[in-house]
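Single-letter residue listing:
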Amino acid sequence: MTETQLREQICLLAKSMFDRGLTGGSTGNISARTEDGGLLVSPTGTSFGRLDPARLSRFDADGALIDGDAPTKEMPLHSAFYDTRSSAGAVVHLHACHSVAWSMMPDADEDNFLPPLTPYAIMKLGKVKLLPFFLPGDPAMGEAVRGLAGKRSAVMLANHGPVVAGKDVEAACNAIEELEDTARLAMLMRGYDARALSPEQVQNLVAKFDVEWD
Ligand SMILES: [Zn+2]
């Protein structure tokens, strides 16, 4: 994929998520690795509905901003994933309503945020770590991701939103949509004693699809 195509893909998928209400206003940010080892990042204060391919923040392989507008203030979250997961080709963060709602439940599971409701959430996300609440811009947010030492591709920031790394933009976006959909299902089924996947079914999925499940 050329850099021009990558720029267009970032903006197209961001707009698709915005149009479906997965993140509103000027929330959400997205980044992707370029072929030369640099990064393209959504600029600060921009809306996912109106990203301009020509104005994305462009970093070189040494992490210096070389072109475009100033990057998102949540850049430390993105850097933490790239620095700890060599497989990360893209990172996306949303302020997605249902996953935020699920993060505020008193019995939220910190080590395994999503209940095992559907196979693709497990296959695309592995175990999702629930991190505590941080003030916006607090560098501790990035440090918390680094503290996971690359073991998780997806985290949920309590009272804030999910952050997911994937091998490319499409994989990261598909995975974060699974996260939000599963949180929505969990909210819908809460109180109904729903039949989730059994521990054996989860283990079969993990084994068959080589899911990161530590
Ligand atoms: Zn945020």
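Please read these numbers as outputs of a predicted model, since none were measured by experiment.

### Concerning the pairing of strand β8 (residues 161-166)
A regular strand places its side chains so that they alternate between the two faces of the sheet.
Okay, step 1: Taken across its six residues, β8 has six buried, putting it largely inside the fold.
Okay, step 2: In this sheet, β8 lies alongside strand β7 (residues 154-157) in antiparallel orientation, the contact comprising four bridges. What sits directly across from L157, in β8, is G161.
Okay, step 3: Turn length for the β7-β8 hairpin, with the two strands adjacent in sequence and antiparallel, is three residues, and the turn residue N159 shows positive phi of about 60 degrees.

### A short note on the nonpolar core
Okay, step 1: Counting residues in each nonpolar core, the largest one holds 38 residues, and the members touching the most others are I10, L125 and V169.
Okay, step 2: For this core, the elements supplying multiple residues, two or more each, are α1 (3-19), β1 (29-33), β5 (90-93), α3 (97-103), α4 (119-125), β7 and α6 (169-189).
Okay, step 3: In terms of residue count, α6 provides more of this core than any other element does, eight residues in total.
Okay, step 4: Ignoring any residue separated from it by four or fewer positions in sequence, one finds I10 in contact with I30, A32, L40, L51, L56 and V169.

### A closer look at the packing of α1 against α6
Helices that pack against each other are described as a pair by the angle of their axes relative to one another and the distance between those axes.
Okay, step 1: Between α1 and α6, the least distance of the axes is 10 Å, while the angle of their chain directions is 15 degrees. Judged by the angle between their axes, α1 and α6 are roughly parallel. Here α1 runs over α6; the crossing is right-handed. Contacts between α1 and α6 pair L6, Q9, I10, L13 and M17 from the former with V169, E170, C173, I176 and E177 from the latter.

### Quick word on unusual backbone geometry
Most peptide bonds take the trans configuration, and most residues that are not glycine carry a negative phi.
Okay, step 1: The backbone of N159 shows a phi angle near 60 degrees, a positive value even though the residue is not glycine.
Okay, step 2: Relative to the elements of secondary structure, N159 occurs in the loop between β7 and β8.

### Some details on the side chain of S153
Okay, step 1: When you line up the elements, S153 lands in the loop between α5 (140-146) and β7.
Okay, step 2: Engagement of the side chain of S153 in a polar contact is seen with the backbone oxygen of L125, the distance being 3.3 Å.
Okay, step 3: Every residue in contact with S153, bar those within four places of it in the chain, is listed here: F81, R85, K124, L125, V163, V164, A165 and E212.

### Describing the layout of surface pockets
Okay, step 1: The calculated volume of the largest pocket comes to roughly 310 Å³.
Okay, step 2: Surrounding the largest pocket, 17 residues form its lining, M123, K124, S153, A165 and G166 being those nearest its centre.
Okay, step 3: Those elements giving two or more residues to the lining of the largest pocket turn out to be α4, β8 and α6.
Okay, step 4: Approximately 270 Å³ is the volume found for the second largest pocket.
Okay, step 5: As for the second largest pocket, its lining consists of 15 residues, and the residues nearest its centre are S26, N29, T72, K73 and E74.
Okay, step 6: Residues belonging to the lining of the second largest pocket are distributed by class as follows: two nonpolar, 11 polar and two charged.

What counts, and at which threshold
- Residues numbered from 1 in each chain as written.
- Predicted model: local features only at pLDDT ≥ 70, side-chain atom pairs only at ≥ 80, totals over all residues.
- Heavy atoms only, no water.
- Buried < 20%, exposed > 50% of the residue type's maximum accessible area, 1.4 Å probe, protein only.
- Helix = DSSP H or I, 4+ residues; strand = E, 2+ residues; numbered from the N terminus.
- Pairing = 2+ DSSP bridges.
- Core = buried A, V, L, I, M, F, W, Y, C linked by side-chain atoms within 4.5 Å.
- Contact = heavy atoms within 4.5 Å.
- Axes fitted to C-alpha atoms, helices over the stretch in contact; angles between N-to-C directions.
- Parallel < 35°, antiparallel > 145°, perpendicular 65-115°, else oblique.
- Left-handed = near helix turned anticlockwise from the far one by under 90°.
- Polar contact = N/O pair within 3.5 Å; in protein donor to acceptor, adjacent residues only side chain to side chain.
- 1 Å grid on protein atoms, 1.4 Å probe; cavity = no way out; pocket = protein on both sides within 12 Å on 5 of 7 lines; lining within 4 Å.
- Points joined across faces, edges and corners; volume = space filled by probe spheres on them.
- Nonpolar A, V, L, I, M, F, W, Y, C, P; charged D, E, K, R; others polar.

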